[in-house]
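# Survey of secondary and tertiary structure
Here is how the chains run, residue by residue.
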Amino acid sequence: MRKPSVARVYDYYLEGTASWAIDRKFGDRVLGEFPMLRPIAKANRVFLHRVIRHLLRLGVTQFIDIGAGLPTMQHAHQVADDVAPGKARVVYVDYEPVAVTHSQALLEEHGDPRRHAAVHADLRAPDRLWAKVAEQKILDLDEPVAVLLIAVLHVQQPASPRSGDTGDVGPASVERYRELVPSGSYLAISHITDEGVPPEYEKPLVKLKELYDSGSSPVIWRNHGEIRELFGDFDLLPPGLTWTTQWHPEDASPTEPEITFATPNGSLILGGVGRKP
């Protein structure tokens, strides 16, 4: 039996066009219980854009977008080329073939094969994923790179009995990525939390988890301390781990939608960027 795709449902929240009927049906159930999830998803996407702009201004030109999803509301390389045309190199990685296919189609039309690629790989297998990225010959992995783990670590991947994978995308995988990148590299993470959220979100969050656990892919909520631990000994850039709308709002683009909440914690997702010493 087909289940909703996490990538396509997220695309639906962002008002993209790649979702199927089964994804929209599930998305409508979720939005019926928690309508704020659509602006929350958009705020997270805009957070990704601000991260890219900020890191480019710090001199970063290499990006690995893991769990990149579908190319809705601008993919990373499009944002990068708006800021620094022709300079940034990006490799997209996703576990869902449909997301990879869409990214490859976008790159064929609007990308540069010398600077952009999309590969199918599993976040839970860091060394195999790293090897696939290296095979593209797009990035110099001996030089600093920015690893983007945006709204992916709270989603469990389908279990793989052959490899023994349970679906968990927890601290061990992220630790290995921290080990793989050279000094001077960056790690960007955004992650849903159920700690410190507005009181009116508490019950909907329980229902949201129930819907995903039974209807799409199981999800994991982590608190502030657990998300901070994912950065290990990396030095967090100011303002540290914070709500997505509060992370360098000055790096927003005037062409993007301005997404606001009654209080910053209404964005539900914590985001931050760490630098490897």
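Residues numbered from 1 in each chain as written. Predicted model: local features only at pLDDT ≥ 70, side-chain atom pairs only at ≥ 80, totals over all residues. Heavy atoms only, no water.

### A few points about the overall build of the chain
Stated formally: Helix and strand definitions follow DSSP, with helices as H or I runs of at least four residues and strands as E runs of at least two, each counted in order from the N terminus. The cut-offs for exposure are 20% and 50% of the maximum accessible area for each residue type, with area from a 1.4 Å probe on protein chains only; residues under the lower value are buried, those over the upper are exposed, and the others partly exposed. For accessible areas, the Shrake-Rupley method is used with a probe of radius 1.4 Å. Any residue's cover is judged against the shown protein chains and nothing else. In this tally, Asp and Glu contribute negative charge and Lys and Arg positive charge; neither His nor the terminal groups of the chain are included. We put the charge of a Lys on NZ, of an Arg on CZ, of an Asp on CG and of a Glu on CD.
Across its full length, the chain holds nine helices and eight strands. Summarising its shape, the C-alpha atoms of the chain cover approximately 45 × 40 × 35 Å along the three principal directions. The proportion of buried residues among the 277 residues of the chain is 58%. Per element, the accessible surface of the chain, about 12200 Å² overall, is 51% carbon and sulfur. If you average the places of the 30 positive and of the 37 negative side-chain charges in the chain, the two averages end up 4 Å apart.

### Concerning the pattern of salt bridges
To keep it simple, the criterion reads: For this analysis, a salt bridge means a side-chain nitrogen from Lys or Arg found within 4 Å of a carboxyl oxygen belonging to Asp or Glu.
Tallied over the entire structure, the rule returns 11 salt bridges. Here Glu-256 and Arg-53 are joined by a salt bridge, their closest N and O atoms 3.0 Å apart. Taken as a pair, Glu-256 in the loop between strand E7 (242-243) and strand E8 (269-275) and Arg-53 in helix H3 (residues 37-57) lie far apart in primary sequence, 203 residues in all. Of the residues examined, Glu-256 reaches a relative accessible area of 13% and is grouped as buried. In this structure, Arg-115 engages Asp-112 in a salt bridge whose closest nitrogen and oxygen atoms are separated by 3.3 Å. Note on Arg-115: relative accessible area 12%, which makes it buried. Through salt bridges that share partners, Asp-81, Asp-112, Arg-114 and Arg-115 make up one connected network.

### Quick word on the nonpolar core
Formally: Among buried residues, those of type Ala, Val, Leu, Ile, Met, Phe, Trp, Tyr and Cys that are joined through side-chain atoms within 4.5 Å constitute a nonpolar core. Whether two residues are in contact is decided by their heavy atoms: any pair within 4.5 Å suffices.
In this structure, Tyr-13, Ile-64, Ile-66, Val-93, Trp-130 and Leu-149 are the most contacted members of the largest nonpolar core, which totals 59 residues. Broken down by element, this core gets its largest block of residues, five residues, from H3. Those residues within four positions of Leu-149 in sequence are excluded, and the remaining contacts are Ile-66, Leu-123, Val-174, Leu-187, Ala-188, Ile-189 and Ser-190. In terms of nonpolar packing, the next biggest core, distinct from the first, is built from 28 residues, Ile-52, Leu-107, Ala-146 and Trp-247 among them.

### Considering the packing of H3 against helix H4 (residues 76-83)
Pairs of packed helices are described in terms of their axes, by the angle between the two and the distance that separates them. So the rule is basically this: Axis definition: a line fit to C-alpha positions, over the contact stretch in the case of helices; interaxial angles, taken between N-to-C directions, run 0 to 180 degrees. Should an angle fall under 35 degrees it is taken as roughly parallel, and over 145 as roughly antiparallel, whereas 65 to 115 is taken as roughly perpendicular and any remaining angle as oblique. Should the near helix be turned anticlockwise from the far one by less than a right angle, the crossing is left-handed, and should it be turned clockwise, the crossing is right-handed. Residues are grouped as follows: Ala, Val, Leu, Ile, Met, Phe, Trp, Tyr, Cys and Pro are nonpolar; Asp, Glu, Lys and Arg are charged; every other residue, Gly included, is polar.
With their axes 9 Å apart at the nearest point, H3 and H4 run at an angle of 45° to one another. Taken together, H3 and H4 sit at an angle that is classed as oblique. Seen from above, H3 lies across H4 with right-handed handedness. Across from His-49, Ile-52, Arg-53 and Leu-56 in H3, the residues of H4 making contact are Ala-76, Val-79, Ala-80 and Val-83. Considered class by class, the residues forming the contact of H3 with H4 number six nonpolar, one polar and one charged.

### Quick word on the confidence of the model for the chain
Definition in use: The pLDDT value tells you how sure the predictor is about a given residue, anywhere from 0 up to 100.
Of the residues in the chain, 95% reach a pLDDT of 70 or more, and the chain-wide mean stands at 91. Below pLDDT 50 for its whole length, residues 159-167 participates in 12 contacts with residues either more than four positions away or in separate chains.

### Focus on the packing of aromatic side chains
This is how the line gets drawn: Ring pairs shown here join Phe, Tyr and Trp side chains whose ring centres sit within 6.5 Å, with only the six-membered ring taken for Trp; geometry is labelled stacked below 30 degrees between planes, edge-to-face above 60, and tilted in between. Put simply, a charge is over a ring when the Lys NZ or the Arg CZ is close to the ring centre, within 6 Å, and near the line of the ring normal, within 35 degrees.
Going through the model one piece at a time under the given rule, you end up with four aromatic pairs. On the basis of an interplanar angle of 80° and a centroid distance of 5.7 Å, the ring pair of Phe-47 and Trp-247 is categorised as edge-to-face. In this pair, Phe-47 is assigned in helix H3 and Trp-247 in the loop between E7 and E8, connecting sequence segments 200 residues apart. Exposure class is identical for Phe-47 and Trp-247. Each is buried. Between Trp-130 and Tyr-177, the ring centres sit 6.3 Å apart and the planes meet at 50°, which makes this aromatic pair tilted. You can see Trp-130 sitting in helix H6 (residues 126-135) and its partner Tyr-177 sitting in helix H7 (residues 171-180), a full 47 residues away along the chain. The aromatic ring of Trp-20 is capped on one face by Arg-8, whose charged end is 3.6 Å from the ring centroid. A cation sits over an aromatic face here: Arg-38 above Tyr-12, 5.1 Å from the ring centre.

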